[in-house]
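# Structural characterization, general
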Amino acid sequence: MMLETLWFILICVLFVGFFFLEGFDFGVGMLTPILGKTDRERRVLINTIGPVWDGNEVWLITAGGAIFAAFPGWYATLFSGFYLALFFMLLALIGRGVAFEFRSKLDNPKWRSLWDYVIGIGSLLPPLLWGVALANLMRGVPIDESTNYVGTFWDLISVYSVAAGVSIVLLFLLHGALFLALKTEGDIRERARSFANKIGAWTSAVLLLFVVLSYFETDMFTRNGIMPGMVPTMAGFALISVPFFLKAGRDGWAFIMTGATIALSTITVFMALFPRVMISSLNPDWTLTIHNTSSNEYTLQVMSVVALCTVPLVLAYQAWTYWVFRKRVSVRDHLDY
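Just so it is clear, the model here is predicted, and its values are computed rather than measured. (Residues numbered from 1 in each chain as written. Predicted model: local features only at pLDDT ≥ 70, side-chain atom pairs only at ≥ 80, totals over all residues. Heavy atoms only, no water.)

### Some points on the overall build of the chain
Each helix and strand in the chain was counted, giving 12 helices and 2 strands. Sequence-ordered secondary structure for the chain, helices as α and strands as β, is α-α-α-α-α-α-α-α-α-α-α-β-β-α. Taken against the 2.2 N^0.38 rule, which gives 20 Å for 337 residues, the C-alpha radius of gyration of the chain at 20 Å falls within 12% of a compact globule. Considered along the principal axes of its C-alpha atoms, the chain spans approximately 60 × 40 × 35 Å. (Helix = DSSP H or I, 4+ residues; strand = E, 2+ residues; numbered from the N terminus. Rg over C-alpha atoms; globule rule 2.2 N^0.38 Å.)

Printed below as a string of C-alpha cells:
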C-alpha cells in the first residue's frame, strides 16, 4: 500500500512538472500568431521556447510510462476510454513539433504564416483537451464492472468539462504571457505584459466558475468540506496576486504565482481523487483505485529504485538547460532562420 501511494504521488509530481513547464510552452505557442506582428517578432517568440519545448514534453511521456508500469489497470481504461481525445491531442502535438522544425525551411511569408497558425492551434488543443479529461476524472465516467469504459467521446463533453478546458487554456495563456515578459525585450515584452493584464481577470472569473460547477458536479466538497484545505486556497490566492505583482513591475513574481496556481491546482485534483484514479458514474463499487489497478509489489520496488537513480539526473540536466538559455531574446539578436 505504501508503494502504491508513493507512485500515485510521483505521478502527481510528474503532471505538476508537465503542466508548469508545458503551460508556458503552450501559452507562448498560442500567443505566437497574436503578439508577433512581423515574421522576425514571431521568430523571437518561438526562440524563447526553442531550446526547451521538446524537453518539457518528456514529463508527459514519463507520466504516461509511470501510469503504464505502476497502474496498468488505470492505463488500460484511461487510454481506451479517452482514446479519441488523446488521439486529437497527439495530432496537435505532432503538428506543433513539425511546425517548429518546418517553419523556417522556406523564406516565404505564406509558408511561415501557415506554420505559425499550426503552432497556435497545436498549442491550443492539448490544454483544452487536458481540461476536459481532468474534469471527467473528477466527475466520473461510465465504467462497468469489468473496468471497461462504456461511454462515447461525446459523453466526455459537458458544460463542466468545457469550463475546465477553457480555464486551463486561459491559465496557460497568462502563464505564457508572463514567461514572454521575462524572456523578451522592447515592444514584444510590453505587449506580453499588456496581454497578461487583460486576460488575468478573465482567467480568475472562469476558474471561479469551474470551482462553483465542481461543487455540483463532483464529490470534492462533500469529501473535503466547503473549505477543502490549504492547497486549493493557496492556489486561489496565488492567482489573485498576479495583477498586483504586474502592477508593481514584478514580472518574475507574477510568473511564479501563475506557476504556483498551476502546481497547486494539479495537486488539488489528485487530492480530490485519492485513492481513486477513475470514478465510475455507474456504480461506486466499480471505481478504479490505486489498489485495484496497481502492479505487484516487486514491480513497484524495482521502479522505485530506478526512479531514485535516474530522476535526479534528469532534473539536473533540465535545470542546467534552463540556466544556459536564461538570457532574454531580442529582435536585435542573430535569429536562427
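### Quick word on the pattern of salt bridges
Should the charged atoms of two oppositely charged side chains come close, the side chains can pair. Taken as a whole and assessed by the stated rule, the structure comprises 12 salt bridges. Aspartate 39 is paired through a salt bridge with arginine 103; the nearest N and O atoms lie 2.6 Å apart. Residue aspartate 39 is located in helix H2 (residues 39-49), and its partner arginine 103 is located in the loop between helix H5 (83-102) and helix H6 (109-139); the two are separated by 64 residues in the primary sequence. Judged by its relative accessible area of 24%, aspartate 39 falls in the partly exposed class. Across the salt bridge formed by glutamate 57 and arginine 96, the nearest N and O atoms sit 3.1 Å from each other. Here glutamate 57 is found in helix H3 (residues 53-70), whereas its partner arginine 96 is found in helix H5, with 39 residues between them in sequence. In this structure glutamate 57 comes out as buried when scored by relative accessible area, which is 16%. Because the salt bridges share partners, they merge into one network encompassing Asp39, Arg42, Arg103, Arg112 and Asp116. (Salt bridge = Lys/Arg side-chain N within 4 Å of Asp/Glu carboxyl O. Buried < 20%, exposed > 50% of the residue type's maximum accessible area, 1.4 Å probe, protein only.)

### Let's talk about the UniProt feature "transmembrane region" (unreviewed entry) in the chain
Under the UniProt annotation, the feature "transmembrane region" (unreviewed entry) is placed at residues 6-36, 82-102, 114-137, 157-182, 194-213, 225-246, 253-278 and 298-325. The straight-line gap between the two end C-alpha atoms of residues 157-182 is 36 Å; of that span, 92% is helix and 0% is strand. Structurally, residues 253-278 is divided into 81% helix and 12% strand, and its ends, taken at the C-alpha atoms, are 35 Å apart. (UniProt positions renumbered as here; feature names shortened; annotations may be inferred.)

### Focus: unusual backbone geometry
Of note, the amide linkage connecting phenylalanine 274 to proline 275 takes the cis form, showing an omega dihedral of 0°. Relative to the elements of secondary structure, proline 275 occurs in the loop between helix H11 (251-273) and strand S1 (276-278).

### Quick look at the side chain of threonine 293
Checked against the element boundaries, threonine 293 lands in the loop between strand S2 (288-289) and helix H12 (297-324). Among the polar contacts listed, one links the side chain of threonine 293 to the backbone oxygen of threonine 289, at a separation of 2.6 Å. Sequence-distant contacts of threonine 293, defined by excluding residues within four places in its chain, comprise Ala70, Phe71, Pro72, Gly73, Trp74, Val277 and Leu288. (Polar contact = N/O pair within 3.5 Å; in protein donor to acceptor, adjacent residues only side chain to side chain. Contact = heavy atoms within 4.5 Å.)

### Let's talk about helix H7 (residues 159-183)
The first and last C-alpha atoms of H7 sit 36 Å apart over 25 residues, in line with the 36 Å expected at 1.5 Å per residue. Within H7, 21 of the 25 residues are buried, which leaves it mostly tucked inside the rest of the structure. (Expected span 1.5 Å × (residues − 1).)

### Examining the environment of tyrosine 317
Topologically, tyrosine 317 is positioned in helix H12. According to the relative accessible area criterion, tyrosine 317 is exposed, its value standing at 57%. Sequence separation of tyrosine 317 and phenylalanine 100 is 217 residues, and the distance between their C-alpha atoms is 22 Å.

### A few points about H6
Given a rise of 1.5 Å per residue, 31 residues ought to cover 45 Å, and the 46 Å separating the end C-alpha atoms of H6 matches this to within 8%. Glycine 140, located one to two residues past H6, shows a positive phi value of around 110°.

### Side note on the packing of aromatic side chains
Summed over all chains, the structure comprises 30 aromatic pairs. Both rings, one in phenylalanine 179 and one in phenylalanine 255, keep their centres 6.1 Å apart while their planes meet at 45°; by these two values the pair is tilted. Of this pair, phenylalanine 179 sits in helix H7 while phenylalanine 255 sits in helix H11, and the two are 76 residues apart along the sequence. Residues phenylalanine 179 and phenylalanine 255 agree in their burial class; the two are buried. Through a chain of ring-to-ring contacts, three or more aromatic side chains come together here, namely Phe8, Phe15, Phe18, Phe19, Phe26, Trp130, Phe172, Phe270 and Phe274. Between arginine 326 and the ring centre of tryptophan 323, over which it is positioned, the NZ or CZ distance is 3.9 Å. (Phe/Tyr/Trp six-rings, centres within 6.5 Å; stacked < 30°, edge-to-face > 60°. Lys NZ or Arg CZ within 6 Å of the ring centre and 35° of its normal.)

### Points about the nonpolar core
Residues Phe15, Trp74 and Met278 are the most contacted members of the largest nonpolar core, which totals 98 residues. The leading source of residues in this core is helix H1 (residues 2-35), at 17 residues. Ignoring sequence-local partners within four residues, the contact set of tryptophan 74 consists of Ile11, Ile67, Phe270, Val277, Met278, Leu288 and Thr293. (Core = buried A, V, L, I, M, F, W, Y, C linked by side-chain atoms within 4.5 Å.)

### Thoughts on the packing of H6 against H7
At a closest axis distance of 7 Å, the pairing of H6 and H7 adopts a crossing angle of 135°. Considered as vectors, H6 and H7 are oriented oblique to each other. H7 is crossed by H6, and the crossing has right-handed handedness. On H7, the residues that touch Leu124, Pro127, Leu128, Trp130, Gly131, Val132, Leu134, Ala135, Asn136, Met138 and Arg139 of H6 are Tyr160, Ser161, Ala164, Gly165, Val166, Ile168, Val169 and Phe172. Of the residues assigned to the contact of H6 with H7, the class counts are 14 nonpolar, 4 polar and 1 charged. (Axes fitted to C-alpha atoms, helices over the stretch in contact; angles between N-to-C directions. Parallel < 35°, antiparallel > 145°, perpendicular 65-115°, else oblique. Left-handed = near helix turned anticlockwise from the far one by under 90°. Nonpolar A, V, L, I, M, F, W, Y, C, P; charged D, E, K, R; others polar.)

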